[in-house]
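Report on the structure
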Amino acid sequence: MTILWLLLFYISPALSDNSYDAFLNCLSLYAPNSTVSDILYSQSSLNYTDLLNSTIQNLRFTSQNTTKPILILTPTNQEQIQASVSCCKNYSLSIRVRSGGHDYEGLSYRSVNSSQFVLLDLTNLRSIHINSHRGTAWVQSGATIGELYYKISMKNNTLAFPAGTCPTVCAGGQFSGGGIGTLTRKYGLSADNILDAKIIDSNGKILDRAAMGEDLFWAIRGGGGGSFGIVLSWKLRLVQVPEIVSIFIINRTLDQGAIGLIYKWQYVAFEMEPDMFLEADIQPNINGTEPGAVFQSLYLGRCTDMLTYMQVHFPELGVGTSDCREMSWIQSAVYFARFGDADPKILLDRGLQFKSYNKGTSDYVIDPIPFPAWEGIFDWFRSNHSGLMYMISHGGVMSQIPESYIPYPHRGRVLYNIQYLVGSKDASDIEAPLGWLQGLRTSMTYLVSTNPRRAYVNFRDLDLGRNDVGRNISYENARVWGEMYFKDNFKRLALVKGEVDPENFFWHEQSIPPLIDEGKNYITL
């Protein structure tokens, strides 16, 4: 009774000017075993700005015009997160959850609609426990992919995990949206290899897979972050890799037939054996003056076998003995992270991420793009404001996994994913590249997937659409962007949301809207 009386005394429907003290009192009640003053920061706190900016990877969202959280919390344990959820609900505050800060639109730490919100920063939740005998690992959401790779390799150099190539991306964001990388064709996405998870729901309860049920477990593996709860940790199925893998990186200019090679790549990369990963990129000024193509490959085997395979299946690329390098899988992760021959310990350094003013978006290709269209695409990269175009081949096991296995639906006949990216070191120089990006993506409309035009939720793009202001969001409006990310899986995601978070506590500009099944008469908030 004493605690209930104190709650009624301290907690009011809205925060006043002394929001820090009021929220601190609330946290103290819900987390009595913690020194909560050590984890709570207001906008007047000395460390507030440094903490907020510490993992903002897109400098576009460090401007004075960006709506910032009224409070930041840096929890060190699950009790503090539970308390944070309870206090935000008591004060009708939105909550944003940040693990690594790589969200292209910054929705893990900012609000586009200028609503009051609290930022929950999971940097301190970064433990990783490897069970090499069982081939599993538990990783907290604040751990980076680089930390995960390194710690797996220290236990067993023939174990790995299929995830991305950027080592400072954290588990929380990567796994929530899918997770594409060099092992995707062999073992699927990161989210395809999640065995269990621990999540805090909108009621502050901690649930594992058995407690949350299969529908919610399905939704959090690829349905995008920030919609269903706060995932504390993930249990992973580790995968086998050989002691020695092979890589090559080859640049080809226009004079060396870059356009024809990209055109041919579409056909062969998808059909290659799962042990072969072959990415193709278009970059400007590859020889100092003109655009060109970059081909990057990981082969789960020795150079002799890889060279033989390439000579049979893609002889036009001209891969030779001098192009191929053998190394351990962990060293290949360093290489694909653009750190060359550096010691793998470099993957533990969170400060190496290059920050810029940037924007990204995505597409998927189902039918090969005709050769004349590639000539037009390459012309876009002659501009002084051009960016990059990364193309990740699918096929392999990705073609065998059903579209509904997890929310990520881009399987079957999908040839490859495209990521478009522009950036600038200076805020004053980003507008022209943004215009270039919009123009290029518009020009691709009839060359990529249609009905819907697909996109990858981990390359989030608010230009595809956004939720209405506040928590009373429309399912029908959200379908515009939701079906681009998730196709037919979007409706199931919304129904799961309606079951586990019908009041839409976990909300952001592209969160899943709750759809409630009332005897097949679907209703939204």
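In short, a report on the structure. Source: prediction; values computed, not measured. (Residues numbered from 1 in each chain as written. Predicted model: local features only at pLDDT ≥ 70, side-chain atom pairs only at ≥ 80, totals over all residues. Heavy atoms only, no water.)

**A word on the overall build of the chain**
In terms of regular secondary structure, the chain is built from 16 helices and 20 strands. Rg of the C-alpha trace for the chain: 23 Å, near the compact-globule value of 24 Å for 525 residues, within the 12% margin. With the C-alpha coordinates of the chain rotated into their principal frame, the extents come out at 75 × 50 × 50 Å. Within the span of the chain, comprising 525 residues, buried residues form 57% of the whole. Element-wise, carbon and sulfur atoms account for 48% of the exposed surface of the chain, whose accessible area totals about 21,000 Å². Measuring between centres, the 43 positive side-chain charges of the chain sit 3 Å from its 50 negative side-chain charges. (Helix = DSSP H or I, 4+ residues; strand = E, 2+ residues; numbered from the N terminus. Rg over C-alpha atoms; globule rule 2.2 N^0.38 Å. Buried < 20%, exposed > 50% of the residue type's maximum accessible area, 1.4 Å probe, protein only. Areas by Shrake-Rupley, 256 points an atom, 1.4 Å probe, with all protein chains shown as cover. Lys, Arg positive; Asp, Glu negative; His and termini not counted. Charge placed at Lys NZ, Arg CZ, Asp CG, Glu CD.)

**Topic: the pattern of salt bridges**
All chains considered together, the criterion is met by 25 salt bridges. A salt bridge links E509 to R96; its shortest N-O distance comes to 3.2 Å. Residue E509 is located in the loop between α16 (489-500) and β19 (515-518), and its partner R96 is located in strand β3 (residues 94-98); the two are separated by 413 residues in the primary sequence. Owing to a relative accessible area of 0%, E509 belongs among the buried residues under this scheme. The class of R96 is buried, set by a relative accessible area of 2%. We note a salt bridge from R110 to E105, for which the minimum N-O separation is 3.5 Å. The exposure class of E105 is buried, given its relative accessible area of 4%. Salt bridges linked by common partners bring E105, R110, K359, D461 and D463 together as one network. (Salt bridge = Lys/Arg side-chain N within 4 Å of Asp/Glu carboxyl O.)

**Quick notes on the nonpolar core**
Counting residues in hydrophobic clusters, the biggest one holds 74 residues, and the most contacted among them are F161, F175, I220, W234, L236, L298 and W329. Tallying contributions element by element places helix α15 (residues 475-486) first for this core, with six residues. If sequence neighbours within four positions are ignored, W329 has contacts with Y149, A160, F161, L183, V241, V245 and L298. Grouped together as the second largest cluster of nonpolar side chains are 50 residues, I250, A280, A293 and C303 included. (Core = buried A, V, L, I, M, F, W, Y, C linked by side-chain atoms within 4.5 Å. Contact = heavy atoms within 4.5 Å.)

**A few points about the pairing of strand β8 (residues 194-200)**
Of all seven residues making up β8, five are buried, and the element is well covered by its neighbours. Both β8 and strand β10 (residues 230-237) contribute to a ladder of six bridges, which runs antiparallel. Across the sheet, I200 pairs through a bridge with I230, a residue of β10. Bridging between β8 and strand β9 (residues 206-207) involves two bridges; their strand directions are antiparallel. Paired with I200 across the strands is I206, a residue of β9. Taking the residues that link successive antiparallel strands as the turn, the β8-β9 hairpin has five residues, and the phi of G204 there is positive, at about 80°. (Pairing = 2+ DSSP bridges.)

**Observations regarding the sheet that holds strand β5 (residues 128-131)**
Sheets are built from strands paired through backbone hydrogen bonds, the pairs being either parallel or antiparallel. An order of β5-β6-β10-β8-β9 is seen for the five strands of this open sheet, with the pairing classed as antiparallel. What marks the edges here is a single partner per strand, and that holds for β5 and β9. Running at roughly 35° to β5, helix α5 (residues 145-155) makes contact with β5 and β10 of the sheet. (Axes fitted to C-alpha atoms, helices over the stretch in contact; angles between N-to-C directions.)

**Description of α16**
With twelve residues, α16 should reach 16 Å at 1.5 Å per residue; the first-to-last C-alpha distance of 17 Å fits that figure. Residues of α16 that are buried: N489, F490, L493, A494, V496, K497 and G498. (Expected span 1.5 Å × (residues − 1).)

**Some remarks on the state of the cysteines**
Applying the stated rule across the entire model yields two disulfides. Covalently, C26 is tied to C87 through a disulfide, its sulfur atoms 2.1 Å apart. Because the sign of the S-S torsion sets the handedness, a value of about -105° for the bond joining C26 and C87 places this disulfide among the left-handed ones. In this pair, C26 is assigned in helix α2 (residues 19-30) and C87 in helix α4 (residues 78-90), connecting sequence segments 61 residues apart. Here C26 falls in the buried class, since its relative accessible area comes to 0%. Taking the relative accessible area as the measure of exposure, C87 reaches 0% and is therefore buried. Disulfide pairing is shown between C303 and C324; the S-S distance is 1.9 Å. Handedness here is read from the sign of the S-S torsion; for C303 and C324, about -90°, the answer is left-handed. Taken as a pair, C303 in helix α11 (residues 303-313) and C324 in the loop between α11 and β15 (325-327) lie far apart in primary sequence, 21 residues in all. Neither residue differs from the other here; C303 and C324 are each classed as buried. Along the chain, the cysteines that take part in disulfide bonds pair up as 1-2, 3-4, counted in sequence order. (Disulfide = S-S within 2.5 Å.)

**Notes on the packing of α2 against α4**
Viewed as axis vectors pointing N to C, α2 and α4 meet at an angle of 130°, and their least axial separation amounts to 9 Å. With respect to α4, the element α2 is oriented oblique. Here α2 runs over α4; the crossing is right-handed. Here F23, C26, L27 and Y30 of α2 lie close against α4, whose contacting residues are E79, A83, S84, S86, C87, C88 and N90. Looking at the contact of α2 with α4 residue by residue, the class counts come to seven nonpolar, three polar and one charged. (Parallel < 35°, antiparallel > 145°, perpendicular 65-115°, else oblique. Left-handed = near helix turned anticlockwise from the far one by under 90°. Nonpolar A, V, L, I, M, F, W, Y, C, P; charged D, E, K, R; others polar.)

**Quick look at the side chain of Q419**
Take Q419: it is sitting in strand β18 (residues 416-424). On the basis of relative accessible area, Q419 is assigned to the buried category, the value being 11%. Not counting chain neighbours up to four residues away, the residues in contact with Q419 comprise Y104, T361, L388, M389, Y390 and F459.

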